[in-house]
Amino acid sequence: MKLPKGWIEKNLEEIADWGSGGTPKSTVSEYYDGNIPWLIINDLNDGYIKKSKRNITELGLKNSSAKIVDPENILIAMYGSIGKLGINKIPLATNQAIAFTKKLYGIFNKFLFFYLLFSRPNLYKLGKGGTQLNISQTVLKKVPIVIPPLPEQHRIVQKIEELFSELDNGVKQLQKAKEQIKTYRQSVLKAAFEGKLTHNNLKDGVLPKGWREEKLNDLCELITDGDHQAPPKSNQGIPFIVISNLRNGKIDFSNTRFVTKSYYEKLSDKRKPKKGDILYTVTGSFGIPISVNFEKEFCFQRHIGLIRPQKEMVENKYLTFYLSSNSCYKQALSVATGTAQKTVPLKGLRNFVIPVPTAGEQKIIVSEIEERFSVADKLEENIDKSLQQAEVLRQSILKKAFEGKLVPQSQKPSGPKDLSAEQASKTGEPVEKL
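Predicted model, so just to flag it, every value in this text is computed and none were measured.

(A) Seen up close, helix H5 (residues 150–193). Between its first and last C-alpha, H5 extends 63 Å over 44 residues, near the 64 Å set by a 1.5 Å rise per residue. Positive backbone phi, approximately 80°, marks Gly195, located one or two places after H5.

Set out below in structure tokens:
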């Protein structure tokens, strides 16, 4: 690509001094809970960093390779979430998975930030490793960057922020609409299980005629969970489902673990899901029901419960809808045990109270819910498409910015003195910090 007039190309080690952090020994309590913010990759937010989840002490800093990073420097992840970014607004330290600038030459820190954001897909491609990709500082420093004169950098950043602000406002409205759809779904479920979709003029708290309340255990053939023994790992064989495979109301088999066929065959039948069963998460992200509406061999971890309804007592879809309602979630919350990771015990799950209409009315209620949910699904699908388009537009803005097409070059600079990037690099002109 031919560079615009006045622009130059360098690599990251030529425009900044770089460093990385370290981790004090986790077994030494005196190294932690001090007054020095200490970042890990999860603290990076692609924006300003004003706090951290953990702090270290002066002693921890002294006895590790962690270093203090002055404010207004660029932070970038080198492991796992390669390219995740931040600009620190406070002095802090980081672990070794985060690289940071110590001094910048001839480049505005937010210009570098946006350039790295634009370069993230390419940075990720440079990653190496097995289960977790990573890049080294050596690799990072060799990444090329295009640099306009400093005043133009400021104008480009100003325009990017202006356009991103408009995009962000639109995204917030779309996300708000998604939350409203979520609320609408719950209002539909609430009305359904109070009988208000099929009966008129019902008093609150009064079940319709012909309805009864039953414990979940009395409506099911069995309620159990996955094997409590660690399953043997395998590169192929029978899919082994964990909670992260349960998403958007379905089981995602695209990226599962596997167990051997022999392990699966030794499992009892009650731990082999079959069509008509319902999976229900019971640990951590508890309260997620998924209907098994297909024939396929698979097994699942102990953090997932299996509910096998008696067909003559309760319809699968009716029960699945009820298990996804706020009313049922409140019951799960009331019996959940533990602190850091709450668990719904099987005993508590079996004692859930379920409102049960006649078989005919269950089918009508399911039909009424599905009709309303189908409208919500279409709206949500359109929102998701718009959110994806917003991200494409974001990348398009960055692409234009770093091709010199976002702001007119002929525009009279209104920012810092008109110093070319080449001159700034030679003179060691530092970045203008925000």
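(B) Seen up close, the packing of H5 against helix H10 (residues 359–401). At a minimum axis distance of 10 Å, the contact between H5 and H10 shows a crossing angle of 170°. It follows from the interaxial angle that H5 and H10 lie roughly antiparallel. Of the residues assigned to the contact of H5 with H10, the class counts are 26 nonpolar, two polar and eight charged.

(C) Just the packing of aromatic side chains, in detail. The full count for this structure, using the stated rule, is 15 aromatic pairs. On the numbers, 5.3 Å between centres and 85° between planes, the contact of Phe111 with Phe402 is edge-to-face. Of this pair, Phe111 sits in helix H3 (residues 109–125) while Phe402 sits in the loop between H10 and helix H11 (421–427), and the two are 291 residues apart along the sequence. Assigned by exposure class, Phe111 and Phe402 land together as buried. Ring geometry for Phe321 against Phe373: centres 5.6 Å apart, planes inclined by 90°, an arrangement best described as edge-to-face. Taken together, the positions of Phe321 in helix H7 (residues 316–323) and Phe373 in helix H10 put the pair 52 residues apart, joining distant regions of the chain. Accessibility assignment for this pair places Phe321 and Phe373 in one class, buried. Aromatic rings pair up to connect Phe111, Tyr115, Phe118 and Phe402 into one cluster. Directly above the aromatic system of Phe164 lies the positively charged group of Arg394, at a separation of 4.9 Å from the ring centroid.

(D) Layout of the packing of H7 against H10. Packing of H7 against H10 brings their axes to within 9 Å, and their N-to-C directions diverge by 60°. It follows that H7 is oblique to H10 by the angle criterion. In terms of crossing hand, the pair formed by H7 and H10 is left-handed. Of the residues in H10, those touching H7 at Lys317, Tyr318 and Phe321 are Gln362, Ile365, Val366, Ile369, Glu370 and Phe373. For the contact of H7 with H10, the class distribution of residues is six nonpolar, one polar and two charged.

(E) Summary view of unusual backbone geometry. Of note, the phi angle at Asp46 is positive, near 60°, even though the residue is not glycine. Relative to the assigned elements, Asp46 resides in the loop between strand S3 (32–39) and strand S4 (47–49). A positive phi angle, close to 75°, is found at Glu72, a residue other than glycine. On the secondary structure map, Glu72 appears in the loop between helix H2 (58–62) and strand S6 (74–77).

(F) Geometry of the nonpolar core. Counting residues in hydrophobic clusters, the biggest one holds 49 residues, and the most contacted among them are Leu12, Leu112, Phe114, Ile160 and Phe402. A per-element tally of this core places H5 first, with nine residues. Residues in contact with Leu12, not counting those within four places in the same chain, are Trp18, Leu112, Leu116, Leu140, Lys141, Val143 and Ile145. Within the second largest apolar cluster, 35 residues are counted, among which are Ile278, Val282, Leu346 and Ile369.

Procedures and definitions
Residues numbered from 1 in each chain as written. Predicted model: local features only at pLDDT ≥ 70, side-chain atom pairs only at ≥ 80, totals over all residues. Heavy atoms only, no water. Helix = DSSP H or I, 4+ residues; strand = E, 2+ residues; numbered from the N terminus. Expected span 1.5 Å × (residues − 1). Axes fitted to C-alpha atoms, helices over the stretch in contact; angles between N-to-C directions. Parallel < 35°, antiparallel > 145°, perpendicular 65-115°, else oblique. Nonpolar A, V, L, I, M, F, W, Y, C, P; charged D, E, K, R; others polar. Phe/Tyr/Trp six-rings, centres within 6.5 Å; stacked < 30°, edge-to-face > 60°. Buried < 20%, exposed > 50% of the residue type's maximum accessible area, 1.4 Å probe, protein only. Lys NZ or Arg CZ within 6 Å of the ring centre and 35° of its normal. Left-handed = near helix turned anticlockwise from the far one by under 90°. Contact = heavy atoms within 4.5 Å. Core = buried A, V, L, I, M, F, W, Y, C linked by side-chain atoms within 4.5 Å.

From the geometry alone we can't say anything about function, so treat these as descriptive.
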